[in-house]
Amino acid sequence: MITSHGYASVPAELKINIFKLWEKILNFSSCPVGMNLGGTTNVPGGAAKMEMAHHSSSLPDGTYAGSAASWLLEVGGKRIFLAGDTCLFSDMERIGRLDPQGKRIDVAVLPIGDMFTMGPDDSLEAIRLLKPHSVLPCHYGTWPPIEQDVEKWAARVREEGIASPHVMAPGESLTLQ
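Below or above, wherever it landed, is the structure these notes cover. Since the model is a prediction, treat every value here as computed from it, not as a measurement.

With that settled, the discussion passes to the overall build of the protein. Of regular secondary structure, the protein possesses 5 helices and 9 strands. Mapped in sequence order, the helices and strands of the protein form the string β-α-α-β-β-β-β-β-α-β-α-β-α-β. When the 177 residues of the protein are sorted by exposure, 40% land in the buried category. Summarising the internal contacts of the protein: among those between residues at least 6 apart in sequence, 57% fall at separations of at least 24. For the protein, the exposed surface amounts to about 9700 Å²; the carbon and sulfur share of it is 56%.

Here the structure, examined in full by the defined rule, presents 9 salt bridges. Of the charged contacts, one joins Arg94 and Glu51 as a salt bridge, the two residues approaching to 2.7 Å between their closest N and O atoms. Residue Arg94 is located in helix H3 (residues 92-95), and its partner Glu51 is located in strand S4 (residues 46-52); the two are separated by 43 residues in the primary sequence. Here Glu51 falls in the buried class, since its relative accessible area comes to 4%. Arg128 is paired through a salt bridge with Glu125; the nearest N and O atoms lie 2.8 Å apart. Of this pair, Arg128 and Glu125 both sit in helix H4 (residues 120-130), 3 residues apart, which is roughly one turn of that helix. What you see here is one network of salt bridges that share partners, running through Lys49, Glu51, Asp91 and Arg94.

Even without glycine at this site, Asp114 takes up a positive phi of about 70°. The residue Asp114 is located in the loop between strand S7 (107-111) and H4 in this model. Note on Asp114: relative accessible area 39%, which makes it partly exposed. Its identity is not glycine, yet Met115 carries a phi of approximately 65°, on the positive side.

Now for the layout of surface pockets. What the second largest pocket holds in volume is close to 200 Å³. Lining the second largest pocket are Val109, Leu136, Pro137, Tyr140, Met168, Ala169 and Pro170.

Turning next to the environment of Ser58. In this structure, Ser58 sits in the loop between S4 and strand S5 (69-75). Between the alpha carbons of Ser58 and Ala68 there is a distance of 9.2 Å; along the sequence they are 10 residues apart. The residues contacting Ser58, other than those within four sequence positions of it, are Thr63 and Ala65.

A word on the packing of aromatic side chains. This model, assessed by the stated rule, comprises 1 aromatic pair. With centroids separated by 5.6 Å and ring planes inclined at 15°, the aromatic side chains of Phe116 and Trp143 adopt a geometry described as stacked. Here Trp143 lies in the loop between strand S8 (134-138) and helix H5 (150-160) and Phe116 lies in the loop between S7 and H4, a separation of 27 residues in the sequence. When its relative accessible area of 46% is taken as the criterion, Phe116 is described as partly exposed.

Strand order in this open sheet of 7 strands is S3-S4-S5-S6-S7-S8-S9, and the pairing throughout is mixed. This sheet does not close on itself; its edge strands, each paired only once, are strand S3 (40-43) and strand S9 (164-165). For S5 and strand S6 (residues 78-82), the ladder comprises 5 bridges, and the chain directions are antiparallel. The residue of S6 that forms the bridge with Leu72 is Phe81. Running at roughly 155° to S7, H4 makes contact with S6, S7 and S8 of the sheet. Taken strand by strand, H5 contacts S8 and S9, and its axis lies near 155° from that of S8.

Here Ser70 is to be found in strand S5. Residue Ser70 is classed as buried on the basis of its relative accessible area of 0%. Looking at Ser70, its side chain comes within polar contact range of the main-chain oxygen of Met52, at 2.7 Å. Excluding its chain neighbours within four sequence positions, the residues that come into contact with Ser70 are Lys49, Met50, Glu51, Met52, Ala53, Phe81, Leu82, Ala83 and Phe89.

Thresholds, definitions, all that
- Residues numbered from 1 in each chain as written.
- Predicted model: local features only at pLDDT ≥ 70, side-chain atom pairs only at ≥ 80, totals over all residues.
- Heavy atoms only, no water.
- Helix = DSSP H or I, 4+ residues; strand = E, 2+ residues; numbered from the N terminus.
- Buried < 20%, exposed > 50% of the residue type's maximum accessible area, 1.4 Å probe, protein only.
- Contact = heavy atoms within 4.5 Å.
- Areas by Shrake-Rupley, 256 points an atom, 1.4 Å probe, with all protein chains shown as cover.
- Salt bridge = Lys/Arg side-chain N within 4 Å of Asp/Glu carboxyl O.
- 1 Å grid on protein atoms, 1.4 Å probe; cavity = no way out; pocket = protein on both sides within 12 Å on 5 of 7 lines; lining within 4 Å.
- Points joined across faces, edges and corners; volume = space filled by probe spheres on them.
- Phe/Tyr/Trp six-rings, centres within 6.5 Å; stacked < 30°, edge-to-face > 60°.
- Pairing = 2+ DSSP bridges.
- Axes fitted to C-alpha atoms, helices over the stretch in contact; angles between N-to-C directions.
- Polar contact = N/O pair within 3.5 Å; in protein donor to acceptor, adjacent residues only side chain to side chain.

And the structure:
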């Protein structure tokens, strides 16, 4: 973890950063950056914008943790959308619009687990709204309520021609061209 090896900033929803469990949970001594939806902060190699997400948000003790968030990263000349835990929402169309230089999202990471986030069908609609070049599935297959046939999902993405799906095993990496 990068934060355990240096003084790295960790952007997060303001109320989460105020909460004193950061060091206990993540075991780091960095300086969290408190921010809120719509805000942008500089990160190594670029910027991170906190976007909306629709999901519950609480800390381990049940304390309200503020608004759920997704992230639009512009790092190293790449645009990356990390949806996190969320359902499908119409602002994905806005998030997916071309940037001022006419660039699309390079890769979107979208949940497909259903039950607690969007499922495969809604993720396909999210891909249509975001218009990324590539898409990675997340938040699936870790326990029975969110089991999904990820290869079937990837085949559907390919059949519709809406993005290039990448199903990755733990520890694999993806190089963005």
